[in-house]
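So the chains spell out like this:
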Amino acid sequence: MFSKLAGFTGLPAQIAKIAFMAIIDAILLTMFFAALNKHASSIEYVISGVAIAANFVYFAKFTLPFKFLLPGLVLLTVFVVVPVAYTIQMSVFNYQTGNEVSKSDALVQLLNNGLQPDASNTSYDMVLGHEGSLYAAVLTSQIDKSVLLATTQSTVLLKAGQYTLDPNGVAKSAPGFVPLTVTEAANADSLISNLKFPFTHGSFIAPQGLDVASLLTQTLSYDAKTGILTNSATGVKYVDNGNGNFANQANKSQLLEPGWKSFNGFSNYTHLLTDPAVRGPFIGVFIWTTAFAFFSVGIMFIVGLLLAIVLNRKIALRRFYRSVLILPYAIPSFMSILVWNGIFNRQYGAFNALFHTHIDFYNSVWLSRGIIILVNLWLGFPYFYLISSGALQSIPSELEEAAAIDGATPQQILRRIKLPLILQILSPLLIASFAFNFNNFNIVYLLTNGGPTDLGKTAGATDILITYTYKTAFGSNNQNLGLACAISVVIFFVVGTVSLWGLRRSKVLESM
Amino acid sequence: MNLRALPKHLFLWVLVIFTLFPIYIVIESSLNNTGSLATGTLVPHHVSLDNFKLLMHNTGSVPYFKWMTNSIILATANALVSVVVGAASAFAFSRMRFKGRKIGLQALLLVQVFPSFLALAAIYVMMEKVYTVFPQIGLGSLGGLLLIYLGGSMGVNAWLLKGYIDTIPLELDEAARIDGASTVQVYWIIFFPLAAPVLAVTALLSFIGTFNEFVLASLFLQDVNRRTVAVGLQQFVGAQFGQNWGPFAAGSLIASIPLVILFLSLQRFIIGGLTQGATKG
């Protein structure tokens, strides 16, 4: 039986394996050099980690199980474990709008912002070009008619005779200077904004357009040893405030923008519990999330179980009921949620049109919450029907017969024997369903978008933790990624604890 | 019909009406060219196929078929790759004994309760960085989104498939081994064909899951031509189109019909797959 394939374990298989690994290695190596080029060190680490693991596992002899596990392990590690670890790391950083870059990048931007026109607003007529391999400019001052030849390394004052003036009194040429060609000039936008010619100590001449430049002086100076940033114009000293910003040494509430991502320990977590602007919405959202998940699962389970009990016995039209009532599970849920969204719309909605009412569902806290649970019931009861009827059928009929012989009524059999058994059988699935609904982003986001939201509040009445995280991280005004990650970690913790507790109870862990 | 069953039928009919109500509304408004989701009556009037024609035109602002193609490509690729890769992992966990197996299984069990979008802020920042080096798989690309989906479905699929492989009798493997088969051959010749129905169901569930995914897709895909049908249709009824329900309903119908047919025809297997984990308890 295996002779045909047995041939494929010898030399041809070896060659195929080596060829396949060579392709994988070539791809990984190309990616590695691309990352190296862009100085993306974290990506380099990931790629080299994958490459080493792959070669080790597929060429060593004793790693058979890992030959099967590796592809899944790599995907799981790189795209689930790494983001989770990164979430935990981000959650202990001050990382929000205004604090998004590294400290050294922030310093570069601050020093750039510190470049101010000098006191007399000196400006020059300019011709851009090259001198040797350097960018250069011939600069004519319209005040004292002096002409400078500036390169990115030095600036020299030209003597009369070294340059020629055009009819407007602007110098166009200088020894060794080659002006930009027309095509170069047309593409000089980024050049203009990045070019700086050093002038005297602490000042630069920077292009302001294709033919104008002005003298800028650096008002901020950074002392790397003391870490103090000094404004030479005002004399104010700024120090690192330990939370991602330079702050006025005399008045710590005066911050310089931009700041940087900085380690701030557990501040994001303590904010959740102590900062009134964050705590209020967070506690409210937390309670509603738990209540929503709990009641959703409860109601869906009750309806699903009742349905399973009713349809378990012979009843007229059983097939019809079955095939209709499973439909919500088959329809893509994002569409059904959007359709329900439209049904409850005040102006165009089918509900108000049909009953000739003008109920503003989405502006009422409790109606919105009711709709969410109702729509979730629509989406979820078929699943609970399916698993309940599976559980019901798996109960051995001997149990029922024995109880009947002992004189139990059908009601007693259902309540005392079947229900406890079903609960026990289904508890892992009920817990999984709780975990799913705890993070049921789609229903909240697509149905009410978390609303109704009071003016100026960050969370609405139907926001659950995951939609609140989304709004905190990607909301329009202040994007606080650090805080969003802290909320994600709280969700991990809650869902993880509930799941572990459930798994312990159902003894799944021991049977492995 | 006997009278004692009447309350049961009443209960069932309430559920039937509840179930069919939104489905009926979608069908009605897809045929209704006034753009609203209700006409105030249950009988459709203003019947026309305008909404369907609008989608067929596939214009620049509503590239409906582009969206459908994107969704189908993403969902198919995710279903196929995650099942093939997940099955290999499941096979190792079920049939082999090695150091770290128990810890690995427990970790897998825990990982699969977290949806991957929980780490959405981190994923966003990470893929933004990837974009600077590999724009093809970074933020805004279907390739990058697929990788995130693959990672996310690995845990669930491996766990589901392991449960099934555990039920395939060990004697089969042993017989094959006596005949001289290697582990790799047992995997391809014995296990893979036997598990085919379950693989198909797992793939189908992955497909539906990806098709329905909204959070990551809306965060990832900004370009109108790269949207999935979920993100695209949501924009339709959002502010941008001023609650244009007719084309939305038509688009929803076209997109759901294949899925509903697929689901109903594979219903028996799907239910088997769902209850597998439960009844083994």
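Considering the overall build of chain A
So, step 1. A count of helices and strands for chain A gives 19 helices and 17 strands.
So, step 2. Referenced to the eigenvectors of the C-alpha coordinate spread, the extents of chain A come out at roughly 120 × 75 × 45 Å.
So, step 3. Looking at the 512 residues of chain A, the share that counts as buried comes to 34%.
So, step 4. Restricting to contacts in chain A with at least 6 residues of sequence separation, those with at least 24 account for 58%.

Describing the overall build of chain B
So, step 1. Within chain B one finds 12 helices and 0 strands.
So, step 2. The secondary structure elements of chain B, listed N-terminal to C-terminal, are α-α-α-α-α-α-α-α-α-α-α-α.
So, step 3. Expressed as a percentage of the 281 residues in chain B, the buried residues total 46%.
So, step 4. Excluding contacts between residues fewer than 6 apart, the proportion of contacts in chain B whose partners are at least 24 apart in sequence is 70%.

Topic: the nonpolar core
So, step 1. Formed by 172 residues in total, the largest nonpolar core has its most connected members in V375(A), L447(A), L120(B), A121(B), L145(B) and L216(B).
So, step 2. Here this core spans two domains, and each of domain 1 (3-90) and domain 3 (273-511) of chain A adds at least three residues to it.
So, step 3. For L120(B), the residues in contact, after removing those within four places along its chain, are Y470(A), A473(A), V215(B), L216(B) and L219(B).
So, step 4. Within the second largest apolar cluster, 21 residues are counted, among which are V127(A), V138(A), L139(A) and L149(A).

Overview of the interface of chain B and chain A
So, step 1. At the junction of the two partners, chain B supplies 92 residues and chain A supplies 90 residues.
So, step 2. Looking at the side of chain B that touches chain A element by element, the count peaks at 12 residues for helix α1 (residues 6-30) of chain B.
So, step 3. Grouping the amino acids of the side of chain B that touches chain A by side-chain chemistry returns 62 nonpolar, 26 polar and 4 charged.

Notes on unusual backbone geometry
All names here are of chain A.
So, step 1. The phi angle at L317 is positive, at roughly 65°, despite the residue not being glycine.
So, step 2. Inspection of the secondary structure puts L317 in the loop between α9 (276-312) and α10 (318-325).
So, step 3. Given 14 C-beta atoms within a 10 Å radius, L317 is considered partly exposed.
So, step 4. One non-glycine residue with positive phi stands out, namely H356, at about 55°.
So, step 5. By the element assignment, H356 lies in the loop between α13 (350-355) and α14 (365-394).

Section: the domain arrangement of chain A
Many structure descriptions define interface size as the accessible area lost when the parts assemble.
So, step 1. Domain annotation of chain A identifies domain 1 (3-90), domain 2 (115-218) and domain 3 (273-511).
So, step 2. Measuring from the centre of the C-alpha atoms in domain 1 of chain A to the corresponding centre in domain 3 of chain A gives 39 Å.

Quick look at the confidence of the model for chain A
So, step 1. For chain A, per-residue confidence averages 84 on the pLDDT scale, and 97% of positions sit at 70 or higher.
So, step 2. This stretch, residues 1-7 of chain A, has a pLDDT under 50; its non-local contacts, to residues over four places away or in other chains, come to 8 contacts.

Remarks on the confidence of the model for chain B
Residue and element names in this part refer to chain B.
So, step 1. Mean pLDDT over chain B stands at 83; residues scoring 70 or higher make up 88%.
So, step 2. Counting interchain partners and residues more than four positions distant, the pLDDT-below-50 stretch residues 277-281 has 18 contacts.
So, step 3. For this predicted complex, the interface confidence reaches an ipTM of 0.88, while the overall pTM sits at 0.82.

Brief notes about helix α10 (residues 229-237) of chain B
So, step 1. For α10(B), the tally of buried residues reaches 8 of 9 residues, placing the bulk of the element in the interior.
So, step 2. Among all positions of α10(B), only V229(B), A230(B), V231(B), G232(B), L233(B), Q234(B), F236(B) and V237(B) are buried.
So, step 3. Check the buried side of α10(B) and you find it contacts α12 (333-343) and α17 (441-447) of chain A together with α3 (64-95), α8 (183-212), α9 (215-220) and α11 (245-265) of chain B.

Concerning the sheet that holds strand β13 (residues 220-223) of chain A
Residues and elements named next belong to chain A.
So, step 1. Overall, antiparallel pairing links the 4 strands, which are arranged β13-β14-β15-β16 in an open sheet. Only two strands of the sheet have a single neighbouring strand rather than two, namely β13 and β16 (246-248). Each adjacent strand pair in this sheet contributes to an overall mean axis angle of 30°, direction not counted.
So, step 2. Of the strand pairs in this sheet, strand β14 (residues 228-231) and strand β15 (residues 237-240) are connected by 2 bridges, and their pairing is antiparallel. Of the residues in β15, the one forming a bridge with L229 is Y238.

A look at the packing of helix α4 (residues 64-90) of chain A against helix α19 (residues 481-506) of chain A
All names here are of chain A.
So, step 1. Where α4 contacts α19, the two axes come as close as 7 Å, and the packing angle between them is 120°. In terms of orientation, α4 lies oblique with respect to α19. Between α4 and α19 lies a crossing of left-handed hand. Contact with α4, carried on its side by T87, I88 and M90, involves L481, G482, C485, S488 and V489 of α19 and no other residues of that element.
So, step 2. Here the contact of α4 with α19 is composed, by residue class, of 5 nonpolar, 3 polar and no charged.

Overview of the packing of α9(A) against α1(B)
Each pair of packed helices can be summarised by the angle the axes make with each other and by the distance between the axes.
So, step 1. At a minimum axis separation of 11 Å, α9(A) and α1(B) run at an interaxial angle of 130°. Judged on the interaxial angle alone, α1(B) and α9(A) are oblique. Considering only the axes of α9(A) and α1(B), their crossing is left-handed. Between α9(A), through L306(A), L307(A) and V310(A), and α1(B), the contact on the second element is made entirely by K8(B), F11(B), L12(B) and L15(B).
So, step 2. Looking at side-chain class alone, the contact of α9(A) with α1(B) contains 6 nonpolar, no polar and 1 charged residues.

As for the pairing of strand β4 (residues 134-141) of chain A
Residue and element names in this part refer to chain A.
So, step 1. Both strand β3 (residues 123-131) and β4 contribute to a ladder of 8 bridges, which runs antiparallel. Note on β4: the bridge partner recorded for L128 is A137.
So, step 2. The loop that links β3 with its antiparallel partner β4 comprises 2 residues; one of these, G132, has a positive phi angle of about 65°.
So, step 3. When β4 meets strand β5 (residues 147-151), the two strands line up antiparallel, connected through 5 bridges.

What to know about the environment of W159(B)
All names here are of chain B.
So, step 1. With respect to the helices, strands and loops of the structure, W159 is situated in helix α6 (residues 142-165).
So, step 2. For the pair W159 and A87, spaced 72 residues apart in the sequence, the C-alpha separation amounts to 9.2 Å.
So, step 3. Setting aside chain neighbours within four positions, we find W159 in contact with L108, L109 and Q112.

Section: helix α18 (residues 465-474) of chain A
So, step 1. For α18(A), a buried count of 9 out of 10 residues is recorded, marking the element as mostly surrounded by other parts of the structure.
So, step 2. Within the sequence span of α18(A), burial applies to L465(A), I466(A), T467(A), Y468(A), T469(A), Y470(A), K471(A), T472(A) and A473(A).
So, step 3. Buried residues in α18(A) make contact with α9, α17 and α19 of chain A together with α5 (120-133) and α9 of chain B.

Remarks on the pairing of β13(A)
All names here are of chain A.
So, step 1. Where β13 and β14 come together, 4 bridges link them in antiparallel fashion. Within β14, the residue paired with Y222 across the bridge is L229.
So, step 2. Counted along the chain from β13 to the antiparallel partner β14, the turn is 4 residues long, and its residue G227 has a positive phi close to 75°.

Side note on the environment of S427(A)
Residue and element names in this part refer to chain A.
So, step 1. Mapped onto the elements, S427 comes out in helix α16 (residues 410-438).
So, step 2. Classification of S427 as partly exposed rests on a count of 16 C-beta atoms within 10 Å.
So, step 3. Between the C-alpha atom of S427 and that of T230, which follows or precedes it by 197 residues, the distance is 64 Å.
So, step 4. Not counting residues within four places of it along the chain, the set of residues in contact with S427 comprises G502, R505 and S506.

Basis of the calculations
Within each chain, residue numbers correspond to sequence positions counted from 1 in written order. Going through the entries in the order they are written, you letter the chains from A and number the ligands from 1. Predicted model: local features are reported for residues with pLDDT of at least 70 only, side-chain atom pairs are reported and counted for 80 or more only, and whole-chain, interface and lining totals are derived from all residues. We count a stretch as a helix when DSSP gives it H or I for four or more residues in a row; a strand needs E for two or more, and each element gets its number in order from the N terminus. The burial label depends on the number of other C-beta atoms within 10 Å of a residue's C-beta. Counts of 20 or more mean buried, 12 or fewer mean exposed, and intermediate counts mean partly exposed, with C-beta atoms placed from the backbone. Contact definition: two residues whose C-beta atoms, as placed from backbone geometry, lie within 7 Å. Throughout this description, the term nonpolar core refers to a group of buried Ala, Val, Leu, Ile, Met, Phe, Trp, Tyr and Cys residues whose C-beta atoms join them within 7 Å. Domain delimitation in this document rests on an assignment produced automatically or drawn from a domain database. Here the term charged refers only to Asp, Glu, Lys and Arg, the term nonpolar to Ala, Val, Leu, Ile, Met, Phe, Trp, Tyr, Cys and Pro, and the term polar to all other amino acids, Gly among them. Within a predicted model, pLDDT stands for the predictor's per-residue confidence, ranging from 0 to 100. When DSSP locates at least two bridges between a pair of strands, those strands are taken to pair. Each axis is a line fitted through C-alpha atoms, taken for helices only over the stretch in contact, and angles between the N-to-C directions span 0 to 180 degrees. Roughly parallel means an angle under 35 degrees; roughly antiparallel means over 145; roughly perpendicular covers 65 to 115; every other angle is labelled oblique. Crossings are assigned a handedness: left-handed for a near helix turned anticlockwise from the far helix by less than a right angle, right-handed for a clockwise turn.

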